[in-house]
Amino acid sequence: MQDTRGNDIIKWLIAITDWVLACCLLPVFCDILPQYTATGLLKEGDSATVILLMSIVLSTLLIPSVVHRRKMMISDIIRRNTFLVMLTMVIFVTICRLMTTSGNYVLFGVMFGITLWVAIMALRILERYIINYFRSTGRNTRSVVFIGSDPANLQVYNELMADPATGYRVLGYYSDAEIQDAPKTLQKLGSREDFRNLMADYDENKPHMEELYCSISHNEADELRNIMEFCDKHVVTFYYVPRIFSNIQLSLHPEKFGNTIIFTNHHKPLLLFGNRLMKRTFDIVFSFIVILLLLPLFPIIALIIKSQSKGPIFFKQMRTGLNGESFMCYKFRSMHVNVDADRVQATKDDPRKYPFGNFMRKTNLDELPQFFNVLKGDMSVVGPRPHMVFHTEKYSALIDKYMVRHFSKPGITGYAQVTGFRGETEELWQMEGRIQKDIWYLENWSLLLDIKIILKTALSIVHPDEAAY
């Protein structure tokens, strides 16, 4: 309850700061850029300020700030800020247009909206820093208790303690057994029976838990029900932590199936139609632009290939794609024609490479024809790199979860390639690391992540990766 009140105060302070910022920014903007504010109601500073204040107050009520939340991604803050500013400008322009027919309010809304977005984002960064510092000193904390000795509780504890700025204060855990390898800071408060006694004689006036993480067997349904009812009665947030069996964590993610909640072992954002549409639209637009810009290079590359190596300009190979289905992948041929092309990876001093082919591999130029694969729909700009069918058959038998990478279309570049797992995989651990990166990408996909990977790949053209051969 105290934590809730504290967060409410922070939320309203942030909202009021937004309102003050917008009202102070408007006259400054009008003075600096009078060409956008010399008509209609904008000439009347007080009237425009009142309308702007009404607009941002209403927008804040509909889209409140989330910067005060303990676990908050920067992408969520950016998205909220964008919607807030857009809604504010829409309301402002609409009211101004209803009150008078003169004035170029749309142009003003665009220019001032961009300025306001930048100003509020700068404010959000400062607010987040202040909140994090405030919580790291022990203020605005959230008290936590664990139930059970399962190692899953230890993993949650480590996550909560990883960043002191989130403001979690772990009181300890109740269990009949010790949590193995638990640090001294995670104290055992008593047995399960002690916790039952605490529930039966709970004193509201004493500071107790505000969040409870429970990891006990599903067979103890009555116990679980009693704990949940206790949490509901005393306004304690309840979390059930899936147990770990034989060193295998049940990492389950909820999904709605009609009116029923079901769980899956992988969170896949690209299963959502909106995300797939966004990614496909980006792929088509980006690939079309790249092909138009670099098309003049194609005949030059073709002439150099022909001058240094006999054979076709393009190299075609069956690769494993979406849902494990094979497709024909296109590249500029970077090696002399050889019988091992479909089985043997390129090595650092591979005699099959010719000079310009080696340059293309280091700078990713050999991958340019794959943008046609993207337009065709076989590939994406960003995704797990498509492997040879031979390697798919080989590693799927050796590496657990290898085939999970095929829940997404393969990419011209990928998260594994820009995080140190590019090139030859001499040992099994190298391929395992690549697969882990691929799965992480599938479970954490966002358009912003794709853009970051593309930028890092572009840098590799200027500073080639040492593992690129």
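Draft legend 1. Up close: the pattern of salt bridges. In the structure shown here, the tally under the stated rule is 13 salt bridges. Its salt-bridge partner being Arg-192, residue Glu-223 comes within 4.0 Å of it at the nearest N-O pair. Of this pair, Glu-223 sits in helix 7 (residues 221–233) while Arg-192 sits in helix 6 (residues 192–200); the two residues are 31 residues apart in sequence, bridging distant segments of the chain. Note on accessibility: Glu-223 and Arg-192 belong to one class, buried. We note a salt bridge from Glu-367 to Arg-385, for which the minimum N-O separation is 3.2 Å. Of this pair, Glu-367 sits in the loop between helix 10 (355–363) and helix 11 (370–376) while Arg-385 sits in the loop between strand 12 (380–382) and helix 12 (389–396); the two residues are 18 residues apart in sequence, bridging distant segments of the chain. The class of Arg-385 is buried, set by a relative accessible area of 10%.

Draft legend 2. How the structure looks around the packing of helix 9 (residues 297–308) against helix 10. Contact geometry of helix 9 with helix 10 gives a least axis separation of 8 Å together with a crossing angle of 135 degrees. Comparing their axes, helix 10 and helix 9 come out oblique. Contacts between helix 9 and helix 10 involve Ile-301, Ile-304, Ile-305 and Gln-308 on the former and, on the latter, Pro-355, Phe-356 and Met-360. Here the residues of the contact of helix 9 with helix 10 sort into six nonpolar, one polar and no charged.

Draft legend 3. Spatial organisation of the environment of Lys-353. With respect to the secondary-structure elements, Lys-353 resides in the loop between strand 11 (326–332) and helix 10. With a relative accessible area of 11%, Lys-353 lands in the buried category.

Draft legend 4. Fine view of a nonpolar patch on the surface. Taken together, the side chains of Ile-284, Phe-288, Leu-292, Leu-295, Phe-372 and Leu-375 make up a nonpolar region of the molecular surface, amounting to roughly 540 Å² of accessible area. Looking at the nonpolar patch, the elements with two or more residues in it are helix 8 (273–294) and helix 11. Ranked by the residues each element gives to the nonpolar patch, the list is headed by helix 8, at three residues. Its place among the elements puts Phe-288 in helix 8. The class of Phe-288 is partly exposed, set by a relative accessible area of 48%.

Draft legend 5. Main features of the side chain of Asp-366. Tracing the backbone shows Asp-366 in the loop between helix 10 and helix 11. Of note is the side chain of Asp-366, whose polar atom sits 3.2 Å from the side chain of Lys-331. Those residues within four positions of Asp-366 in sequence are excluded, and the remaining contacts are Lys-331, Phe-332, Ser-334, Met-360 and Arg-361.

Draft legend 6. Representation of the pairing of strand 1 (residues 142–147) within the structure. When you tally the buried positions in strand 1, you get six out of six residues, the bulk of the element. Alternating positions in strand 1 separate into two faces, Arg-142, Val-144 and Phe-146 on one and Ser-143, Val-145 and Ile-147 on the other, with burial throughout. Note that strand 1 and strand 2 (residues 168–174) share six bridges and pair parallel. When the bridges of strand 2 are listed, Ile-147 appears paired with Tyr-174. Looking at chain direction, strand 1 and strand 4 (residues 211–214) are connected through four bridges and run parallel. Bridged to Val-144 within strand 4 is Glu-211.

Draft legend 7. Seen up close, the packing of helix 8 against helix 14 (residues 447–462). At a minimum axis separation of 11 Å, helix 8 and helix 14 run at an interaxial angle of 30 degrees. Here helix 8 lies roughly parallel to helix 14, going by the angle between them. Here helix 8 runs over helix 14; the crossing is right-handed. Facing helix 8, whose interface residues are Met-278, Lys-279, Phe-282 and Phe-286, helix 14 presents Leu-447, Asp-450, Ile-451 and Ile-454. Residues of the contact of helix 8 with helix 14, tallied by class, amount to six nonpolar, no polar and two charged.

Draft legend 8. Focus on the sheet that holds strand 4. If you walk across this open sheet you meet the five strands as 3-2-1-4-5, and the pairing is parallel. Strands at the two margins of the open sheet, each flanked by one partner only, are strand 3 (188–190) and strand 5 (237–240). On average, each strand axis in the sheet is tilted by 30 degrees relative to the strand beside it, whichever way the strands run. For strand 2 and strand 3, the ladder comprises two bridges, and the chain directions are parallel. Within strand 3, the position partnered with Tyr-173 by the bridge is Lys-188. Where helix 6 meets the sheet, it contacts strand 1, strand 2, strand 3 and strand 4, and its direction lies at approximately 115 degrees from that of strand 2. In the packing of helix 7 onto the sheet, contacts are made with strand 1, strand 4 and strand 5, and the angle to strand 5 comes to roughly 155 degrees.

Draft legend 9. Seen up close, the state of the cysteines. Under the criterion given, the structure shown has zero disulfides. Free cysteine: Cys-231, not disulfide-bonded; nearest cysteine sulfur from Cys-214 at 8.4 Å.

Draft legend 10. Focus on the environment of Ile-435. Of note, Ile-435 is situated in helix 13 (residues 428–443). Sequence separation between Ile-435 and Pro-384 is 51 residues; the distance between their C-alpha atoms is 8.4 Å. Setting aside residues up to four positions removed in sequence, Ile-435 forms contacts with Ile-399, Lys-401, Tyr-402 and Arg-405.

Draft legend 11. Fine view of the packing of aromatic side chains. Scanning the entire structure with this criterion turns up 17 aromatic pairs. Both rings, one in Phe-29 and one in Phe-108, keep their centres 5.8 Å apart while their planes meet at 75 degrees; by these two values the pair is edge-to-face. Of the two residues, Phe-29 is situated in helix 1 (residues 2–32) and Phe-108 in helix 4 (residues 105–136); the sequence distance between them amounts to 79 residues. Each member of the pair, Phe-29 together with Phe-108, is buried. Ring geometry for Phe-282 versus Phe-286: centroids 5.6 Å apart, planes at 20 degrees, classification stacked. Taken together, the residues span about one helical turn, with Phe-282 and Phe-286 both in helix 8 at a distance of four residues. Look at Phe-286 and you get partly exposed, because its relative accessible area is 25%. Among the aromatic residues, those joined into a ring-pair cluster are Phe-29, Phe-92, Phe-108 and Phe-112.

Conventions adopted
- Residues numbered from 1 in each chain as written.
- Predicted model: local features only at pLDDT ≥ 70, side-chain atom pairs only at ≥ 80, totals over all residues.
- Heavy atoms only, no water.
- Salt bridge = Lys/Arg side-chain N within 4 Å of Asp/Glu carboxyl O.
- Helix = DSSP H or I, 4+ residues; strand = E, 2+ residues; numbered from the N terminus.
- Buried < 20%, exposed > 50% of the residue type's maximum accessible area, 1.4 Å probe, protein only.
- Axes fitted to C-alpha atoms, helices over the stretch in contact; angles between N-to-C directions.
- Parallel < 35°, antiparallel > 145°, perpendicular 65-115°, else oblique.
- Contact = heavy atoms within 4.5 Å.
- Nonpolar A, V, L, I, M, F, W, Y, C, P; charged D, E, K, R; others polar.
- Patch = residues over 30% accessible without salt bridge, like charges linked within 9 Å, V, L, I, M, F, W, Y side chains within 5 Å.
- Areas by Shrake-Rupley, 256 points an atom, 1.4 Å probe, with all protein chains shown as cover.
- Polar contact = N/O pair within 3.5 Å; in protein donor to acceptor, adjacent residues only side chain to side chain.
- Pairing = 2+ DSSP bridges.
- Left-handed = near helix turned anticlockwise from the far one by under 90°.
- Disulfide = S-S within 2.5 Å.
- Phe/Tyr/Trp six-rings, centres within 6.5 Å; stacked < 30°, edge-to-face > 60°.

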